[in-house]
Each structure stands twice: as structure tokens, then as C-alpha cells.
Amino acid sequence: MLFAFIIAIAALVIIGASFVVLRRDRNEGLVIDRDADTPQIVEIGDVDLEAPASAEAEPVAEPEPKPTFRDRLSTARSSLSGFLGGVFSGGITGDTWESLEEALIRADIGVGTSTEIMEAVKAKAEADEITESELLVSLVKAELVDRLTGFDRSLSTDVGDAGGEPGPAVWLFVGVNGAGKTTTIGKLASRETAKGKSLVLAAGDTFRAAAAEQLTMWAERSDVHIVRGAEGADPSSVVFDAVESANARNADLVLADTAGRLQTKTNLMEELSKVRRVAEKGAGTVTETLLVIDATTGQNGMSQAKQFAEAVDVTGVVLTKLDGSAKGGIVVVIHSELGVPVKLVGLGEGINDLVEFDESEFVDALFD
Ligand SMILES: Nc1nc2c(ncn2[C@@H]2O[C@H](COP(=O)(O)OP(=O)(O)OP(=O)(O)O)[C@@H](O)[C@H]2O)c(=O)[nH]1
Ligand SMILES: [Mg+2]
């Protein structure tokens, strides 16, 4: 009896052991043929595994599509339609024009400009006897597009046009801290490199060490050269060195980052005009000075924007964070009060989330 029990246990142990060996054999029977065009798992013996078609293939990165105003302006659109929604619904009554003016002001278009738009729409509606709500909205849209038309939104690298000697063009980025200067430079580094331009980034924000780190990460993403200085170094000398480095490498363009804050505001403005002067001391020519404005600050950001525009000769605005901002009306104020065109718009934090401004697309996206 005992003997039979021992035999049974021994048999169980033998069966278990051979099962393990069998499993090992089955796994060892898998060989990866790395010489095949598409690496495949080659089967040996009776193993029946499906070979993944591209087990070792590099994943092909799909280029991300550019965002559109229509996709990213849903917050601004819903706030504007909320304000304008009922204005024309009852046809034209005694209150209509005042309500329109109020709706435009609430959409962050600014008091002066809102009044002008309301008066222009009223005059056209009266002249053409327009009373239908849909047509009245079209008049408002046309008036907005009209106010945003006729600006040169191109970004120049033409040093001859800017009166400079042959050498690298410089785009200088200014604006309050957190506006999105460094991120915009990172996005542009990718965009301009893809267009075939050779670039150098200048880490002119020496106010905090992390600023140069942040720009270095963007430089690495697009594989472009970066010139940085020590924390607290003179921003002008960093930009000067970057221009010299770009000239030595025959690079086309320097994208120069600056600090959004210093100890006092007066100093910042003085510092920035010095950076601009020094950028042209050597072989460089500043062909664009871009003021970066955070769209979520709306009207509040405008007084600071005016200070920057006074300190340096601003050639264009980059309006960031328009995605998720309810304050789309700020675009109209920038054109009417700063007299400077919005050239680029930030529609997100990703490397592709920077688009050229187009007034018709923008106004359509605000309304439909
Ligand atoms: N949603 C959104 N976020 C943005 C956009 N542009 C920048 N940001 C974010 O805004 C924050 C500040 O951006 P930065 O590029 O560091 O701003 P900065 O002007 O360089 O700031 P300082 O270096 O402090 O002067 C970051 O978290 C960015 O990711 C945009 O278009 N949309
Ligand atoms: Mg920065």
C-alpha cells in the first residue's frame, strides 16, 4: 500500500517536471529572425504563435495635424454667442443698439471700439433697411473682419529690407512673465527648421536659471543650437554672443528669448531696448520684435502691452492661450489700440499648436 502510494507520488512528480521542461522547450523554440526585412518570430517545432508583423519596427510618427481656430476657440465662441445671443432675436427695438454695444464690451472688445462697431452696424442696417436677425449678425461679422483687414502679418527675415548688412536676422520676443515667450520660441524653432531655415536660439532670459533649461529642452526637440549665459548674466551679451555664433555658422535666424520681469518695470523696459540695440551691434539685424500677449488676461493685459510697445519697436503680436480663453475680443483691441497686427496665435501647449492669424477664419470661428 505504502509502496503504491510512493509510486503514485513519484509518477506525479515526473509528469509535473516533464510539463515544465516541455514549456521551456516551447519557449526556447522561438527565434527572432532579425535579418528578415520585417523582423519576425520564426516558429520551430509545433509552436503555433502568430508572428507580429512588425515586432521590432520603429513606430512611424504621424505628423500631428495643425489645430484650427474652429476646433480650439469653443470657449470664446460660446461666451460671445452667449452675449450676442438675444440681441437681435426680437428684431430691432429701442434697446437693440445699446444691447449690441454692451455685448461687444462684455466680449472684451473694449469700450471705444465696441461703440464704433455698434455705430457702423447701425448705420448699415438703417441704410439697407436690414432687420432680420441673421443678416444683422452678418453685419457684425463683416465689421469685425473689416477692422482686422489690411495688416501685414508676414514674419520677415529680410535683413536688407530692415536696412541691415548681410548676416543673421533676429526675432526678439518680449512680454510679461508667463505670457508664453519661451514656448512660442520652442514651437517656432520646430516650424522654421521644418521650412529649411538654420537657427540659433538665444537664452536671453537670465533672470532665472530654469528659463535657460526650459529653452534648452525646446532646442533639443528641434535639434537647434542654443547660446546661454550664466544666471544673472547680462541678457544683451547673451543675445550678442548668439548673433555672433549664428553668423559664424551662417545661420539664417536667431530667436531671442527675454525675461518677463526684473526687479522693477522701468528697468525691464530699459533692459529690453538695450537688448534690441545690442542685437544689431554685430552682424545681426532685428527684423521682428514680437510682443507675446496672454489672451486670458484680456483687457488687463493691454496697459502692460502698451508699455512694451513703447519701449521696443514692436512689429507684431503673438497671442497665446487663445484656446480655452473666453476673451477672443482682445484680438480686435490689439489691432485698434496697439495698431500692431497679431501675426501668430498659440492654440495649445504642444509643439504644433502655433498658427498664423487669419481674420476671416478667426471671426467665422467666433460665431459659427
Ligand atoms: N494653453 C496654452 N498654454 C500655453 C500657450 N503658450 C504657452 N502656454 C503655457 O503657458 C505657460 C508659460 O509659458 P512660458 O513660455 O514659460 O512663458 P514665458 O513668457 O516664457 O514666461 P517667463 O519665462 O516667466 O517670462 C507654460 O505652461 C506654457 O505651456 C498656448 O498657446 N496655449
Ligand atoms: Mg520664458
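Look a little higher up for the structure.
Numbers given to residues run from 1 along each chain, matching the order in which its sequence is written. Think of it this way: whatever chain is written first is A, whatever ligand is written first is 1, and the rest follow in order. With pLDDT at 70 or above as the cut-off, local features in this predicted model cover only qualifying residues; side-chain atom pairs require 80 or more to be listed or tallied, and sums for whole chains, interfaces and linings still use all residues. Note that water and hydrogens are dropped before the side-chain values are worked out from all heavy atoms of the structure.

Trainee: Would you explain the pairing of strand S3 (residues 169-174) in this entry?
Mentor: On a regular strand, each side chain points to the face opposite its neighbour's, so the side chains alternate between the two faces of the sheet. The buried label goes to any residue with under 20% of its type's maximum accessible area, the exposed label to any with over 50%, and the partly exposed label to all in between, with areas taken from a 1.4 Å probe on protein chains only. Numbering of helices and strands runs from the N terminus, with a helix taken as a DSSP run of H or I at least four residues long and a strand as a DSSP run of E at least two residues long. The buried count for S3 comes to six of six residues, which makes it a mostly enclosed element. Burial of S3 is two-sided: the residues Ala169, Trp171 and Phe173 facing one way and the residues Val170, Leu172 and Val174 facing the other way are all buried. Judged from the four bridges that link them, S3 and strand S6 (residues 253-258) form a sheet pairing that is parallel. For Trp171, the partnering residue across the bridge sits in S6 and is Leu255. One bridge is not enough; two strands pair if DSSP finds at least two bridges between them. With six bridges joining them, S3 and strand S7 (residues 285-294) adopt parallel strand pairing. Among the inter-strand pairings, Val170 is bridged to a residue of S7, identified as Val286.

Trainee: For this particular structure, what's the right way to read the pattern of salt bridges?
Mentor: The working definition used for a salt bridge is a side-chain nitrogen of Lys or Arg within 4 Å of a carboxyl oxygen of Asp or Glu. Taken as a whole and assessed by the stated rule, the structure comprises 16 salt bridges. A salt bridge links Lys141 to Asp364; its shortest N-O distance comes to 3.2 Å. Placement of Lys141 in helix H6 (residues 133-148) and of Asp364 in helix H13 (residues 359-367) is noted, with a sequence separation of 223 residues between them. For Asp364, a relative accessible area of 28% translates into the label partly exposed. Arg191 serves as the salt-bridge partner of Glu356, at 3.2 Å between the closest nitrogen and oxygen. Highlighted residues: Glu356 in strand S10 (residues 354-356) and Arg191 in helix H7 (residues 181-194), separated in sequence by 165 residues.

Trainee: What should I look at first to understand helix H3 (residues 74-84) in this one?
Mentor: Every α-helix carries 3.6 residues per turn, so stepping three or four residues along brings you back to the same face. All buried positions along H3 are accounted for by Ala76, Arg77, Ser79, Leu80 and Leu84. On the buried face of H3, the contacting elements are helix H2 (69-72), helix H4 (96-106) and H13. Whether two residues are in contact is decided by their heavy atoms, any of which lying within 4.5 Å being enough.

Trainee: How should the packing of aromatic side chains be read in this particular structure?
Mentor: Each pair of aromatic rings is reported with the distance of its centres and the angle of its planes. Only Phe, Tyr and Trp rings are paired, with Trp represented by its six-membered ring, and only when their centres lie within 6.5 Å; those with planes under 30 degrees apart are stacked, over 60 edge-to-face, the remainder tilted. Scanning the model with the defined rule gives four aromatic pairs in all. Taken together, a centroid distance of 6.0 Å and an interplanar angle of 65° make the contact between Phe69 and Phe357 edge-to-face. Of this pair, Phe69 sits in helix H2 while Phe357 sits in the loop between S10 and H13, placing them 288 residues apart in sequence. Between Phe88 and Trp97 the ring centres are 6.4 Å apart and the planes differ by 65°, which places this aromatic pair in the edge-to-face class. Here Phe88 and Trp97 have matching classes, each one buried.

Trainee: Help me out: how do you make sense of the sheet that holds strand S5 (residues 225-228) in this one?
Mentor: Hydrogen bonds between backbone groups are what pair the strands of a sheet, and the pairing can be parallel or antiparallel. In space, the eight strands of this open sheet follow the order S5-S4-S6-S3-S7-S8-S9-S10, with mixed pairing throughout. The strands lining the two open edges of the sheet, one partner per strand, are S5 and S10. Neighbouring strand axes in the sheet, compared pairwise and without regard to direction, differ in orientation by 25° on average. In terms of strand pairing, strand S4 (residues 199-204) meets S6 through six bridges, oriented parallel. When the bridges of S6 are listed, Val200 appears paired with Val254. In this description, a line fitted to the C-alpha atoms serves as the axis of each element, helices being fitted only across the stretch in contact, and the angle between N-to-C directions of two axes falls anywhere from 0 to 180 degrees. Contacts from H7 reach S3, S4, S6, S7, strand S8 (316-320), strand S9 (342-346) and S10, with the element oriented near 170° to S6. The strands that helix H9 (residues 235-248) touches are S3, S4, S5 and S6; relative to S4, the one it contacts most, it runs at about 170°.

Coordinates in, geometry out; function isn't part of it.
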